[in-house]
Amino acid sequence: CRYLGEKLERAWIAHDETPPIPADQDQLLHARRMVAQRCLYGVDKNPFAVNLAKLSLWLATFAKDHPFTFLDHTLRCGDSLVGLTARQIEAFHWQPKEEGALLRDLPSRMHHILNARAQILDAADETPYETLAQKLAVTEEQMIDLRLAGDLIIAAYFAADSAPERETRRKDLAERYRRGQERITELNIEDELQESVRWLKTGQNRVTPFHWELEFPEVFARQSPGFDSLFGNPPFQGGLHIPGLYGRAYHAFLRSYHPHTHGNSDYCAFMFLRAFALLRPSGTVGLLAVNTIAEGDTRQTGLDFILNNGGWIFNASSSVRWPG
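Residues numbered from 1 in each chain as written. Predicted model: local features only at pLDDT ≥ 70, side-chain atom pairs only at ≥ 80, totals over all residues. Heavy atoms only, no water.

Undergrad: How should I be thinking about helix H1 (residues 2-14) in this particular structure?
TA: Three- or four-residue spacings in an α-helix give side chains the same orientation, since the helix completes a turn every 3.6 residues. Counted at 1.5 Å a residue, the expected span for H1 with its 13 residues is 18 Å, and the 18 Å between its end C-alpha atoms agrees. Every buried residue of H1 is accounted for by Gly5, Glu9 and Trp12. Angular distribution of buried residues about the axis of H1 spans 60°; they occupy a single face of the element. Exposed and facing more than 90 degrees away from the buried side of H1 are Tyr3, Arg10 and Ala14. Residues of H1 that are buried in the fold lie against helix H2 (27-38). (Helix = DSSP H or I, 4+ residues; strand = E, 2+ residues; numbered from the N terminus. Expected span 1.5 Å × (residues − 1). Buried < 20%, exposed > 50% of the residue type's maximum accessible area, 1.4 Å probe, protein only. Arc of directions from axis to C-beta. Contact = heavy atoms within 4.5 Å.)

What follows is the structure, encoded as structure tokens:
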């Protein structure tokens, strides 16, 4: 936020395009507030981390006579590696085929959600926080069934360890979801579907899916879809430990997205792959990693794949001593 705020302020000055600056702000603070509301996105599976990020940005963009910058639409909670594309959700399958779609109205609903989110992203600096929260509530209501569908697909995958059992569970949930949408069934079917999602999110190997294209639709609906830049400090964990920590289904799900991956690959290699997949053409990634990222099976899974598919490492620093 600070970095982009400085760049935006310099651009205003260089092009003589500085907008009107409110009395309780200077140019740099106003630039930061615009960047925070319109340019920054974040995901973490720890709700406390999400709230801490909001607090940090509020402190960096505080203006005494203006509401806090609105961040609820762009800082979200979920597992960034476990989620589905809009196409997968539309087909109600982690491996969608060309024919058939359960959620045929998904494109039109996403269009309405995009319009509602645009009003938040383009809101004036003085727009009351409560007004933006109400606009977000409208999009959240429209998202309920779409999120439910995505979570149910993931629940079906995580409910079994074999492909036939997963497919059986998926078909069962798909039928229940269809009947629930058409309101042609018993009253408790909604509770049954929600129970499947609760099991996924609160069970032994609990996971909260994050469907990037649903949560941040404006990023993927533009002409050149994807993020301009992604950065972070992903967790590190040896590949052989992932099934024991997160469950065999979790590890299988990560590898199903990338059939080339090796079972011994470090957890952070999957973060590199997900970041690369979320980029727009010419986008950039900046991630911390252990030296293992450039070695053996982890290198084959992550960096080698990226380099063989249009990626380019333009800067890397190895064996950096952690500050402090």
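Undergrad: Which parts of the structure should I look at to understand the pattern of salt bridges?
TA: Once the charged atoms of two side chains with opposite charge are near each other, the side chains can pair. Counted under the stated rule, the structure contains 19 salt bridges. Aspartate 151 is the partner of lysine 201 in a salt bridge, and the nearest nitrogen-oxygen pair spans 3.4 Å. Note that lysine 201 is positioned in helix H8 (residues 189-202) and aspartate 151 in helix H6 (residues 129-158), a separation of 50 residues in sequence. The class of lysine 201 is partly exposed, set by a relative accessible area of 31%. By relative accessible area, aspartate 151 is classed as buried at 6%. When salt bridges with common partners are traced through the structure, they connect Arg76, Glu140, Arg147 and Glu215 into a single cluster. (Salt bridge = Lys/Arg side-chain N within 4 Å of Asp/Glu carboxyl O.)

Undergrad: Would you take a moment to explain the packing of aromatic side chains for this structure?
TA: Centre distance and the angle of the planes are the two values used to describe a pair of aromatic rings. Using the criterion set out here, one finds 22 aromatic pairs in the structure. Each ring, one from tryptophan 94 and one from tyrosine 157, has its centre 5.2 Å from the other, and the planes form 90°; the classification is edge-to-face. Of this pair, tryptophan 94 sits in the loop between helix H4 (86-91) and helix H5 (106-121) while tyrosine 157 sits in helix H6; the two residues are 63 residues apart in sequence, bridging distant segments of the chain. For the pair tryptophan 94 and tyrosine 157, one class covers both residues: buried. Relative to tyrosine 267, the ring of tyrosine 250 lies with its centre 6.4 Å away and its plane at 15°, an arrangement referred to as stacked. (Phe/Tyr/Trp six-rings, centres within 6.5 Å; stacked < 30°, edge-to-face > 60°.)

Undergrad: Where do I start with the nonpolar core in this structure?
TA: By size, the foremost hydrophobic cluster in this structure holds 38 residues, and its most contacted members are Phe92, Leu103, Leu146, Leu152, Phe158, Tyr177 and Tyr250. Listing elements by their share of this core, those giving two or more residues are H4, H5, H6, helix H7 (163-182), H8, helix H12 (248-257) and helix H13 (267-278). Per-element tally for this core: the top contributor is H6, with 11 residues. The contact partners of leucine 152, leaving out residues within four places of it in the chain, are Phe92, Leu173, Tyr177, Leu193, Ser196 and Val197. Core analysis: the second largest hydrophobic core is formed by 9 residues, Phe210, Phe227, Leu278 and Leu279 among them. (Core = buried A, V, L, I, M, F, W, Y, C linked by side-chain atoms within 4.5 Å.)

Undergrad: How do you make sense of the environment of glutamate 167 when you look at a structure like this?
TA: You can see glutamate 167 is positioned in helix H7. Take glutamate 167: its relative accessible area is 21%, and that puts it in the partly exposed class. Excluding its chain neighbours within four sequence positions, the residues that come into contact with glutamate 167 are His93 and Trp94. A polar side-chain atom of glutamate 167 sits 3.0 Å from a polar atom in the side chain of histidine 93. (Polar contact = N/O pair within 3.5 Å; in protein donor to acceptor, adjacent residues only side chain to side chain.)

Undergrad: Which parts of the structure should I look at to understand H8?
TA: Under the 1.5 Å per step criterion, the end-to-end length of H8 is 20 Å for 14 residues, consistent within 8% with the ideal 20 Å. Those residues of H8 not exposed but buried are Ile189, Leu193, Ser196, Val197 and Leu200. Down the axis of H8, the smallest arc covering the buried residues is 90°, so these residues share one side. Set apart from the buried face of H8 by more than 90 degrees, the exposed residues are Asp191 and Thr202.

Undergrad: Just to check I follow, could you spell out the packing of H1 against H2 for this structure?
TA: Each pair of packed helices gets described by two things: the angle between the helix axes and the distance between those axes. One can describe the packing of H1 onto H2 by two numbers: an axis separation of 8 Å at closest approach and a directional angle of 120°. As summarised for this structure, H1 and H2 are arranged oblique, according to the angle between their axes. The interaxial crossing formed by H1 with H2 has right-handed handedness. Mapping the contact onto sequence places Arg2, Leu4, Gly5, Glu6, Leu8, Glu9, Trp12 and Ile13 in H1 and Gln27, Leu28, His30, Ala31, Arg32, Met34 and Val35 in H2. Of the residues assigned to the contact of H1 with H2, the class counts are 8 nonpolar, 3 polar and 4 charged. (Axes fitted to C-alpha atoms, helices over the stretch in contact; angles between N-to-C directions. Parallel < 35°, antiparallel > 145°, perpendicular 65-115°, else oblique. Left-handed = near helix turned anticlockwise from the far one by under 90°. Nonpolar A, V, L, I, M, F, W, Y, C, P; charged D, E, K, R; others polar.)

Undergrad: Even after reading the chapter, I still don't get the side chain of threonine 69, so can you show me in this structure?
TA: Along the chain, threonine 69 falls in the loop between helix H3 (47-60) and strand E2 (75-77). Judged by relative accessible area, threonine 69 falls into the buried class, the value being 2%. Within the structure, threonine 69 has its side chain in polar contact with the side chain of threonine 61 (distance 3.1 Å).

Undergrad: Please explain the environment of glutamate 182 as it appears in this structure.
TA: Within the secondary structure, glutamate 182 is located in helix H7. In sequence terms glutamate 182 and histidine 93 are 89 residues apart; their C-alpha atoms lie 19 Å from each other.

Undergrad: So what exactly am I meant to see when it comes to the environment of arginine 206 here?
TA: Position of arginine 206 relative to the elements: it lies in the loop between H8 and helix H9 (212-215). The class for arginine 206 is exposed, based on a relative accessible area of 61%. Separated by 44 residues in the primary sequence, arginine 206 and tyrosine 250 place their C-alpha atoms 9.8 Å from one another. Among all residues touching arginine 206, those that are not within four sequence positions of it are Leu200 and Lys201.

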